[in-house]
Amino acid sequence: MDYRDEHFVLLREMAEADIAYYEHDDPFLTDEEYDAIRKKVRALEEAHPELIKPDSPTQKVSGVASDAFTKVTHRQRMESLDNSFSPGDVSEWAAKNADGEPILGELKMDGLSLSLTYNKGELAMAVTRGDGAIGEDVTHTAREIVGLPTTIFYEEGQDDLIEIRGEVYMTHAALETHNVNVEMGTAAKGDKKLANCRNAAAGALRQKDPKVTRRRQIHFMAFGVSDETFTDIDDDTDVLDYVESLGFEVVPRFAIMPDGKAIEQQIAKYSEQRPHLPYDIDGIVWKVNSRAARKAMGSTSRAPRWATAYKFPAERKVTTLLNVEFQVGRTGAVTPVAVLEPVNVGGVMVSSATLHNEDEIKRLGIEIGDPVVIQRAGDVIPQIVGHPDGVELDDGIEIVFPTECPACGGPLVRPEGEAVSRCLAGFACAPQLQGYLEHFVSRDALNIDGLGPSQIRDLCDFLTLSRPSQIMSLPDAMVSDFLDMSHTEDLSVVESMEQWSGYGKSSVKKLVTAIRKARKVPLDKFIYALGIRNVGQSTSRDIAKTLITVDEFFACILNPRLFVRKVGHVDGIGPVVLASLADHFENASNYEEAYKLRLACEIADMPQNSDGPQPLAGEVVCFTGSMSRWSRDQAQLIAEELGAKIAKSAQKSTTVLVVGENVGAKKIEAAEKFGCRVENEDWFIGVVEAAVSDGYKLDVME
């Protein structure tokens, strides 16, 4: 696989993991697995700096603010922490960064990070971390946190704004009480059993109805303040003592010198205490104690140098493998899922675990009926790690991977070089259809607000919806367009939906408006919405920018081999992507659906500004490093509009290398050997500002 394709695949996997963890509170990767992917991405970017973009996971905090709440920009970024997985890793961090300064160890609560702002002593706003820069305003639910001070000591002359940061969590007792009430039928209407404390706390804070939050009995434990808060106090231990005096629960903590033996002793102590604590922790956060020293040390693009998070190893238990079931995803991938004798692992009853693929089953050497070792990887995801040591195995039942799709009965195919078997039935396979429709209407695709998984299921059940193009026709369609209405009165789809349980005129009207709005779509988002394997947002944009017109894209659909000639030269579009494009449109149903969508939508060509000033005409420009004024993607778009061609890496044809921050000298030397002119970001900003003076319309948001 080309290194650019590998980089793209890894970034996509990290993005999916971020969405699962931060938006849905339902992670599918362990911390170790996620960090392993991050290390691969970092290694690729170090070897090929042209791959680095400001939105790369190596350059930013994971997570994203939900659209369900008002978005708020943090006054100071809420950074994530780099992870350590052994006492030796922590000692290495301390030796490199602490410089003999005392270090502060804090229990790492397993919950949801929250920032609380007090104005003249009154709670003014509560904001989740989100992506570190922008979070969600959850003030209405934060007021329901048990014991949270809504007013704190304030006197004239001190700073008006005080920002306290900490973790929202749920106790084991509160979780048990909630679930018992659900089982006994004494819970409030709509309450359901909760899987674990972290998800329960995060879900409680993100409720529209504060009454739900109140019933969850969640707590807040402070772990710090913003840099602009209590600036007269240097030691963080003193800061936390003062926060505690204001009425906040503060994270358990200790201060030690950065000594390897002392670090090991503290980790051993809390590893032993962990099962007996009334709440979940997943590690220990280690920080340089002096705030002045922290400021001098600074941060990388995503994490502070002055802190690291030690993660506890996952807890393990032995249980029995009862069966293996097979699930089908959006792209037809078939995933084996282990059915287990329920066992309590880390306070959570585990009854199933992913087995990833056929190769993983063979590697583990497990059979149905075997005793198996289970761990909650990352303390969240159930995972089988093998057989228990020293246990004699009886004859089990061999796990046979299906040759037909377990959902639709279609044949399964395992492409050469891939670990996953896939069903090729496409829309005819119900799980694939559901997943594909969810992708089609998602925010980064057609962005149809109000059309979530449950609404899509209703449309499939009540109208036998089977194509995304049918979604676009809903506002003007009759029920008879979907169903045989020969024996009953025909209605418009809108009239019919208004009569469905859980729907009403207002919600249906909003949905219809959203669909009509979504019919106008730019070419790059249309390509992404088609759900082509290995074609993500960035690749969709590259294809659209290269082909420019809708007609050109559909000419390639008509003859997929044209993709090789038209876009095969573009950086980031290698053999994997080209093969995926060909495979997708060689499927007759995908080919036909693309044309139906063209009729249903107003797809816009990619904008061209050739009439404006073209100061970069004839230049081949490469951007490298971190840009401060615009993101690298934005800078590339501006340069193209000003007449330049864009190179993703410095090549012989490159005429200008625009250098941002954090660029190695070797890259600059290599560019100069090609005869490439090296300029800094200020030069590019000057070119853009001069073009604006000459009439260039700068549409990129600054």
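Scroll up to find the structure this text is about.
Since we're looking at a predicted model, the values are computed, not measured. (Residues numbered from 1 in each chain as written. Predicted model: local features only at pLDDT ≥ 70, side-chain atom pairs only at ≥ 80, totals over all residues. Heavy atoms only, no water.)

### Topic: the overall build of the chain
Per the secondary structure count, the chain includes 25 helices and 24 strands. In terms of overall size, the chain behaves like a compact globule, its C-alpha atoms giving a radius of gyration of 28 Å where 702 residues would be expected to give roughly 27 Å. Each principal axis of the C-alpha atoms in the chain carries an extent, and together these give about 70 × 70 × 55 Å. Burial statistics for the chain: of 702 residues in total, 49% are counted as buried. The long-range share in the chain, meaning contacts at least 24 apart out of those at least 6 apart in sequence, stands at 68%. Charged side chains in the chain number 75 positive and 111 negative. The centres of these two groups are separated by 3 Å. (Helix = DSSP H or I, 4+ residues; strand = E, 2+ residues; numbered from the N terminus. Rg over C-alpha atoms; globule rule 2.2 N^0.38 Å. Buried < 20%, exposed > 50% of the residue type's maximum accessible area, 1.4 Å probe, protein only. Contact = heavy atoms within 4.5 Å. Lys, Arg positive; Asp, Glu negative; His and termini not counted. Charge placed at Lys NZ, Arg CZ, Asp CG, Glu CD.)

### Focus on the nonpolar core
With 66 residues, the main nonpolar core has Leu114, Ile164, Phe220, Phe248 and Trp286 as its most contacted residues. In terms of residue count, the dominant contributor to this core is helix α6 (residues 197–205) (six residues). Counting residues in each nonpolar core, the second largest holds 63 residues, with Leu437, Ala514, Val521 and Phe553 among its members. (Core = buried A, V, L, I, M, F, W, Y, C linked by side-chain atoms within 4.5 Å.)

### Things to note about the sheet that holds strand β21 (residues 620–624)
Read across the open sheet, the four strands follow the order β22-β21-β23-β24; overall the sheet is parallel. Strands at the two margins of the open sheet, each flanked by one partner only, are β22 (645–646) and β24 (677–680). When strand β23 (residues 656–659) meets β24, the two strands line up parallel, connected through four bridges. What sits directly across from Val659, in β24, is Asn680. (Pairing = 2+ DSSP bridges.)

### Points about a negative patch on the surface
On the surface, Asp99, Glu101, Asp234, Asp235 and Asp238 cluster together into a patch of negative charge. With respect to the element layout, Glu101 can be found in the loop between α3 (87–97) and β3 (103–109). Owing to a relative accessible area of 30%, Glu101 belongs among the partly exposed residues under this scheme. (Patch = residues over 30% accessible without salt bridge, like charges linked within 9 Å, V, L, I, M, F, W, Y side chains within 5 Å. Areas by Shrake-Rupley, 256 points an atom, 1.4 Å probe, with all protein chains shown as cover. Salt bridge = Lys/Arg side-chain N within 4 Å of Asp/Glu carboxyl O.)

### As for the packing of helix α12 (residues 430–440) against helix α13 (residues 453–463)
Where α12 contacts α13, the two axes come as close as 10 Å, and the packing angle between them is 125°. Judged by the angle between their axes, α12 and α13 are oblique. Here the hand of the crossing between α12 and α13 comes out right-handed. Of the residues in α13, those in contact with Leu433, Gln434, Leu437 and Glu438 of α12 are Pro453, Ile456, Arg457 and Cys460. Split by residue class, the contact of α12 with α13 holds five nonpolar, one polar and two charged. (Axes fitted to C-alpha atoms, helices over the stretch in contact; angles between N-to-C directions. Parallel < 35°, antiparallel > 145°, perpendicular 65-115°, else oblique. Left-handed = near helix turned anticlockwise from the far one by under 90°. Nonpolar A, V, L, I, M, F, W, Y, C, P; charged D, E, K, R; others polar.)

### Let's talk about the side chain of His178
Note that His178 resides in helix α5 (residues 172–184). There is a polar contact of 2.8 Å between the side chain of His178 and the backbone oxygen of Lys192. Apart from the residues within four sequence positions on either side, His178 is in contact with Asp191, Lys192, Leu194 and Arg216. (Polar contact = N/O pair within 3.5 Å; in protein donor to acceptor, adjacent residues only side chain to side chain.)

### Comments concerning the pattern of salt bridges
A full pass over the atoms with the stated rule returns 24 salt bridges. A salt bridge links Asp282 to Lys108, with the shortest nitrogen-to-oxygen separation between them at 3.3 Å. Note that Asp282 is positioned in strand β10 (residues 281–288) and Lys108 in strand β3, a separation of 174 residues in sequence. With respect to burial, Asp282 and Lys108 carry one shared label: buried. With a shortest N-O distance of 2.8 Å, Glu144 and Arg214 are connected by a salt bridge. Within this pair, whereas Glu144 is found in the loop between α4 (139–142) and β7 (161–169), its partner Arg214 is found in helix α7 (residues 210–216), the two being separated by 70 residues in sequence. Taken together, the salt bridges that share partners define one network made up of Arg75, Glu163, Arg165 and Glu228.

### Quick look at the pairing of β7
When you tally the buried positions in β7, you get eight out of nine residues, the bulk of the element. Two elements, strand β4 (residues 112–119) and β7, share eight bridges in a ladder whose sense is antiparallel. The residue bridging Leu112 from the neighbouring strand is Val168, located in β7. With six bridges joining them, β7 and strand β8 (residues 219–225) adopt antiparallel strand pairing. Of the residues in β8, the one forming a bridge with Val168 is Phe220.

### Re the packing of helix α19 (residues 550–558) against helix α22 (residues 588–600)
Where α19 meets α22, the closest approach of the two axes is 10 Å, and the angle between their N-to-C directions is 160°. Judged on the interaxial angle alone, α22 and α19 are roughly antiparallel. In terms of crossing hand, the pair formed by α19 and α22 is left-handed. Between α19, through Val550, Asp551, Phe554, Ile557 and Leu558, and α22, the contact on the second element is made entirely by Tyr591, Ala594, Tyr595 and Arg598. Along the lines of polarity and charge, the residues of the contact of α19 with α22 split into seven nonpolar, no polar and two charged.

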